[in-house]
Amino acid sequence: MQIEKEKKNKGSIIIIILLLIALLGTTGYIIYDKVVKKEPSQEEKKETPKEKEEETSQRELIEEEQATLLSQIEAYTSTLAGQYPFDEETPLENQQVLLFGLIQLESTGQDFMESDLEKVLQQYFGENHPYQHENIECFLGDGTLYIYDSAKREYRFQDYHGHGGQGIYPNEVYYLNGNTDEQTYTVNVNILYGDYCNSTCGPTTSYYTTVNDSRNGTNSILGPYEEQHIITQEEYNSVQATLPITTFTFEKDELGNYGLKSVTIQ
């Protein structure tokens, strides 16, 4: 009996020891999992800021990007320069954008489909642009220029406007610099405005630093010249230091469109 009792005691001790070992193992794993494992090493902590810096780093624009964006800037400026500056808090009016699109289509006087105008809006203002399709009103305020048929998704010209087309601002755009983080694109340029072209255009004989001076034909910074004049590099260099810097900000969408978001003037 005594021997059996001692055997039972030894068995109980062994079981207790095994349970203690298991408990210590479980506790050690929990400590490792919650504390040691989840606390990053010093090397990892050092790498994190570097990774963030790489993610937000910017680069200069390549030539292809410069050419595309400058072409768009020239197009905006011809029609919308009188609305500069603007941003997403004070955006362009819907009618101004529709008239801009109409000019880019070169379809004034002809009917066209919503899809035709939509291609222009996406190219210049991005796939998710905020502008809506509606009747296009005459820029001179004498009624509707195009009626928008939402059922047929068609724009129909209203042929009772006895005047010429909308005026434009001839312009010369000079690239200064630009950068991108692969989504937002920023471009800084100088702009020289030629003589305002109101319906019918004469030769450009003077250049100005503001749209108001261009409209009024006053305070020319270059000219007047006796006939149509293209600015030389030397002439631009002579006035560059006095020109305002105009900044255009774009966002690139998934289709590769550069949508204009803001224009500021310094």
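As the structure is a prediction and not an experimental result, all values here were calculated from the model. (Residues numbered from 1 in each chain as written. Predicted model: local features only at pLDDT ≥ 70, side-chain atom pairs only at ≥ 80, totals over all residues. Heavy atoms only, no water.)

Asker: Just checking my understanding: could you explain the pattern of salt bridges for this structure?
Answerer: Where charged atoms of side chains with opposite charge meet at close range, the side chains can pair. One pass over the structure, following the stated rule, counts three salt bridges. Glu 182 serves as the salt-bridge partner of Arg 59, at 2.6 Å between the closest nitrogen and oxygen. One end of the pair, Arg 59, is in strand E1 (residues 59-60); the other, Glu 182, is in the loop between strand E6 (171-180) and strand E7 (184-194), and 123 residues separate them in sequence. Among the residues examined, Glu 182 registers a relative accessible area of 47% and is labelled partly exposed. One salt-bridge network, held together by shared partners, links Arg 59, Glu 65 and Glu 182. (Salt bridge = Lys/Arg side-chain N within 4 Å of Asp/Glu carboxyl O. Helix = DSSP H or I, 4+ residues; strand = E, 2+ residues; numbered from the N terminus. Buried < 20%, exposed > 50% of the residue type's maximum accessible area, 1.4 Å probe, protein only.)

Asker: When you look at the packing of helix H3 (residues 63-80) against helix H5 (residues 114-125) in this model, what are you seeing that I'm missing?
Answerer: How two helices sit against one another is set out by the angle between their axes and by the gap between those axes. Relative orientation of the contacting elements H3 and H5 amounts to 110°, with a least axis distance of 11 Å. By the angle between their directions, the pair H3 and H5 is classed as roughly perpendicular. In this structure, H3 crosses over H5, and the sense of that crossing is left-handed. Side by side, H3 and H5 meet where Gln 72, Ala 75, Tyr 76 and Leu 80 of the first sit next to Gln 123, Tyr 124 and Phe 125 of the second. When the residues that make up the contact of H3 with H5 are grouped by side-chain class, the tally is five nonpolar, two polar and no charged. (Axes fitted to C-alpha atoms, helices over the stretch in contact; angles between N-to-C directions. Parallel < 35°, antiparallel > 145°, perpendicular 65-115°, else oblique. Left-handed = near helix turned anticlockwise from the far one by under 90°. Contact = heavy atoms within 4.5 Å. Nonpolar A, V, L, I, M, F, W, Y, C, P; charged D, E, K, R; others polar.)

Asker: In this structure, what is going on with the pairing of E7? I would like to understand it.
Answerer: The two faces of a sheet get side chains in turn, since along a regular strand they alternate between them. Of all the 11 residues making up E7, 10 are buried; the element is thus mostly covered by neighbouring parts of the structure. Here E6 folds back onto E7, and the loop between the two strands holds three residues, one of which, Glu 182, carries a positive phi near 80°. Pairing between E7 and strand E8 (residues 207-208): two bridges, direction antiparallel. Along E8, the bridge assignment pairs Tyr 193 with Tyr 208. (Pairing = 2+ DSSP bridges.)

Asker: Before we go on, may I ask you to explain H5 in this structure?
Answerer: Residues lying three or four places apart along an α-helix face the same way, a consequence of the helix completing one turn every 3.6 residues. Between its first and last C-alpha atoms H5 spans 16 Å; for 12 residues at 1.5 Å apiece the expected length is 16 Å, and the two agree. Downstream of H5 by a residue or two, Gly 126 has a phi angle that is positive, lying close to 95°. (Expected span 1.5 Å × (residues − 1).)

Asker: Help me understand the state of the cysteines, please; the structure alone is not making it clear to me.
Answerer: A covalent bond between the sulfur atoms of two cysteines is referred to as a disulfide. Scanning the entire structure with this criterion turns up one disulfide. Between the sulfur atoms of Cys 197 and its disulfide mate Cys 201 the distance is 1.2 Å. Around the S-S axis, the bridge from Cys 197 to Cys 201 shows a dihedral of about -60° and counts as left-handed. Assessed through its relative accessible area of 4%, Cys 197 is described here as buried. (Disulfide = S-S within 2.5 Å.)

Asker: Honestly, the sheet that holds strand E4 (residues 144-149) in this entry has me stumped. Any pointers?
Answerer: The strands that make up a sheet are held in pairs by hydrogen bonds between backbone atoms, and each pair lies either parallel or antiparallel. Strands sit in the order E2-E5-E4-E3 across an open sheet of four strands; the sheet is antiparallel. Edge strands, defined here as strands with exactly one partner in the open sheet, are strand E2 (112-113) and strand E3 (136-137). As defined by bridge partners, E4 adjoins strand E5 (residues 154-157) across four bridges and the pair is classed as antiparallel. Bridge pairing in E5 links Tyr 146 to Phe 157.

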